[in-house]
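Examining the three-dimensional arrangement
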Amino acid sequence: MAGSDVIVIGAGVVGLSAAIAAQARGLSVTVLDREGPAAGASAGNAGAFAFTDILPLASPGILKKAPKWLVDPLGPLTVPPAYALKIAPWMFRFWRACSPKRVAHSTAAQTALMDLSKAELEPFLEQTGTMPMLRKEGNLQVYEGEGEFKASLAGWKAREEHGIAFHHLDAAGIAEIQPGLSVRFTHGTFTPGWYSIADPKLYTLALADHFRLKGGVIERAEVIALKPAEGGVEVMAADSSLRRAAQVVLSAGAFSHRIARSVGESIPLETERGYNSTLPSDAFDLRTQVTFGGHGFVVTRLSSGIRVGGAVELGGLELPPNFRRSEAMLKKAQAFLPGLKPEGGVQWMGFRPSLPDSLPAIGRARATSGVIYAFGHGHLGLTQSAGTARIVADLLTGQTPAIDIAPFSPQRF
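Residues numbered from 1 in each chain as written. Predicted model: local features only at pLDDT ≥ 70, side-chain atom pairs only at ≥ 80, totals over all residues. Heavy atoms only, no water.

Moving on, we get to the packing of aromatic side chains. In this structure the tally under the stated criterion is 14 aromatic pairs. When the centroid spacing of 6.3 Å and the interplanar angle of 85° are considered together, the rings of Phe 255 and Phe 351 count as edge-to-face. One end of the pair, Phe 255, is in the loop between β14 (247-250) and α9 (256-260); the other, Phe 351, is in strand β19 (residues 346-354), and 96 residues separate them in sequence. Its relative accessible area of 23% is what places Phe 351 among the partly exposed residues. On the numbers, 5.5 Å between centres and 65° between planes, the contact of Tyr 373 with Phe 375 is edge-to-face. Taking the relative accessible area as the measure of exposure, Tyr 373 reaches 0% and is therefore buried. Since its relative accessible area comes to 2%, Phe 375 is described here as buried. Members of the aromatic cluster, joined through ring pairs, are Phe 185, Phe 292, Phe 297 and Phe 336. Over the aromatic face of Phe 255 sits the side chain of Arg 34, whose NZ or CZ is 4.1 Å from the ring centroid. Directly above the aromatic system of Trp 156 lies the positively charged group of Arg 159, at a separation of 4.3 Å from the ring centroid. (Phe/Tyr/Trp six-rings, centres within 6.5 Å; stacked < 30°, edge-to-face > 60°. Helix = DSSP H or I, 4+ residues; strand = E, 2+ residues; numbered from the N terminus. Buried < 20%, exposed > 50% of the residue type's maximum accessible area, 1.4 Å probe, protein only. Lys NZ or Arg CZ within 6 Å of the ring centre and 35° of its normal.)

Here's what the structure looks like:
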């Protein structure tokens, strides 16, 4: 739309947060999205602000687990055979990112973005009138036996070094925080600094409402290309319509790399296809989020029900959903939470945009300073949305970002 200072491409939680932050700096903003607000991963995630989740998926630990997981088509991590050849270059970059030196670099960068995001979150919720949706109920990570628990300790040591609070539990301690878990879980770790939102879809829609109330415009348009133009950037949609703005923020989730190609940028973005089932609210007396790390999924209490979901299927954007993955997680949840009522669930699959080193791409395009990238947050989009919005607003207004964004450079690959 002519007349806007900024066009934000993407009406998920990251894009809308960035749009609101830009708007608060006095900029006029239009948001474009192929389907509308909260249509993608922002609708069906677990609703967690996982500020303690500083360790990258790419790590030596995952290399040890991956071979076992990959042979199980319904396991925590899988690559469909039909997609294996296409994803091979991304997997090679992922393997390289698993070196101890790179993991330390990614962990430090992730921690900085987490700290910023946590500091920005509550002021952002106050600003947008969404503070009543915030919950502070912690997260309980559970382990099957002493061996699995001991294998986790290196990760907890890394978190401790970065100032993250937690405490380890025996079976009695687990039962005190969350009754009703199977006796197979003998050890646990509770992180009280784990926040969540009442419902991620309703939260994202509330951000859209706030943005409109403050004069923002949201339009449905499938953006296919960007083009540097005199005094700004042209945005072309699939219907051949053109819009222009002084600056553009590309935050289109798993589709972002396709649009970035139009300005000559090759960014190795892949899609973590996440699955879940949302059960009625009375399905289980859930008191905190429970993470079954050895099985790659979580159980979360939302205002809309009990959500059982997670796992990673690296399968791109085109393959049909494999809802047997949702069913497999639900079956495990029944065994792990013996009182869980599995009836009446709604299945969902969404695209989580992921880069090989688990860090997002935040920064300016190589071809033009008028395009700012803010995508690739993987399963941490909600968690890092307020911090990313702060950085984007700083870039849009010519201010030095609140943290060093060099580790997030879109040109780092």
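So, on to the environment of Leu 242. Tracing the sequence through the fold places Leu 242 in strand β13 (residues 242-245). In sequence terms Leu 242 and Arg 412 are 170 residues apart; their C-alpha atoms lie 30 Å from each other.

Now for the pattern of salt bridges. Considering all chains together, one arrives at 19 salt bridges under this definition. Across the salt bridge formed by Arg 352 and Glu 272, the nearest N and O atoms sit 3.7 Å from each other. Taken together, the residues Arg 352 in strand β19 and Glu 272 in strand β15 (residues 270-279) connect sequence positions 80 residues apart. Looking at Glu 272, the relative accessible area reads 5%, which means it is buried. (Salt bridge = Lys/Arg side-chain N within 4 Å of Asp/Glu carboxyl O.)

A few words on the sheet that holds strand β3 (residues 48-49). Taken in spatial order, the three strands of this open sheet run β3-β9-β5, and their pairing is antiparallel. With partners counted over all chains shown, the strands left at the sheet margins are β3 and β5 (134-135), one partner each. Strand direction decides the pairing type here: β5 and strand β9 (residues 195-197), joined by two bridges, are antiparallel. When the sheet's bridge partners are listed, Leu 134 is paired in β9 with Ile 197. (Pairing = 2+ DSSP bridges.)

End to end, helix α6 (residues 146-161) covers 23 Å across 16 residues, agreeing with the expected 22 Å (1.5 Å per residue, within 8%). Every buried residue of α6 is listed here: Phe 149, Ser 152, Gly 155, Trp 156, Ala 158 and Arg 159. Buried positions along α6 lie against β6 (139-143), β7 (167-170) and β8 (187-191). Positive phi appears at Gly 163, one or two residues downstream of α6, with a value of about 80°. (Expected span 1.5 Å × (residues − 1). Contact = heavy atoms within 4.5 Å.)

So, about helix α4 (residues 84-96). The first and last C-alpha atoms of α4 sit 18 Å apart over 13 residues, in line with the 18 Å expected at 1.5 Å per residue. By the largest-angle criterion, Trp 90 marks the main kink of α4, which is about 35°. Residues Ile 87, Trp 90 and Phe 94 constitute the buried set of α4. (Bend = angle between axes of the 7 residues up to and from the residue.)

Turning to the sheet that holds strand β1 (residues 6-9), a few remarks are in order. Pairing in this open sheet of six strands is mixed, and the strands run β10-β2-β1-β14-β21-β20 from one edge to the other. Each edge of the sheet is formed by a strand with only one pairing partner; in this case those strands are β10 (217-220) and β20 (361-364). Taken pair by pair, the neighbouring strands of this sheet meet at an average axis angle of 15°, ignoring direction. The pairing of β1 with strand β2 (residues 29-33) spans four bridges and is classified as parallel. Looking across to β2, one finds that Val 6 is bridged to Val 29. Docked against the sheet, helix α8 (residues 200-213) engages β2 and β10, running at close to 120° with respect to β10. (Axes fitted to C-alpha atoms, helices over the stretch in contact; angles between N-to-C directions.)

Angle between the axes and distance between the axes are the two parameters that describe a pair of packed helices. Where helix α1 (residues 13-24) contacts helix α11 (residues 385-396), the two axes come as close as 8 Å, and the packing angle between them is 45°. Here α1 is positioned oblique relative to α11, judged by the angle of their axes. Crossing hand, α1 versus α11: right-handed. Here Val 13, Val 14, Ser 17, Ala 18, Ala 21 and Ala 22 of α1 come into contact with α11, specifically with Ser 385, Thr 388, Ala 389, Val 392, Ala 393 and Leu 396. Looking at the contact of α1 with α11 residue by residue, the class counts come to nine nonpolar, three polar and no charged. (Parallel < 35°, antiparallel > 145°, perpendicular 65-115°, else oblique. Left-handed = near helix turned anticlockwise from the far one by under 90°. Nonpolar A, V, L, I, M, F, W, Y, C, P; charged D, E, K, R; others polar.)

Where α1 meets α8, the closest approach of the two axes is 10 Å, and the angle between their N-to-C directions is 30°. By the angle between their directions, the pair α1 and α8 is classed as roughly parallel. The two elements α1 and α8 meet at a crossing, and its hand is left-handed. On α8, the residues touching Val 13, Leu 16, Ser 17, Ala 19, Ile 20 and Gln 23 of α1 are Tyr 203, Thr 204, Leu 207, Ala 208, His 210 and Phe 211. In terms of residue class, the contact of α1 with α8 is made up of eight nonpolar, four polar and no charged.

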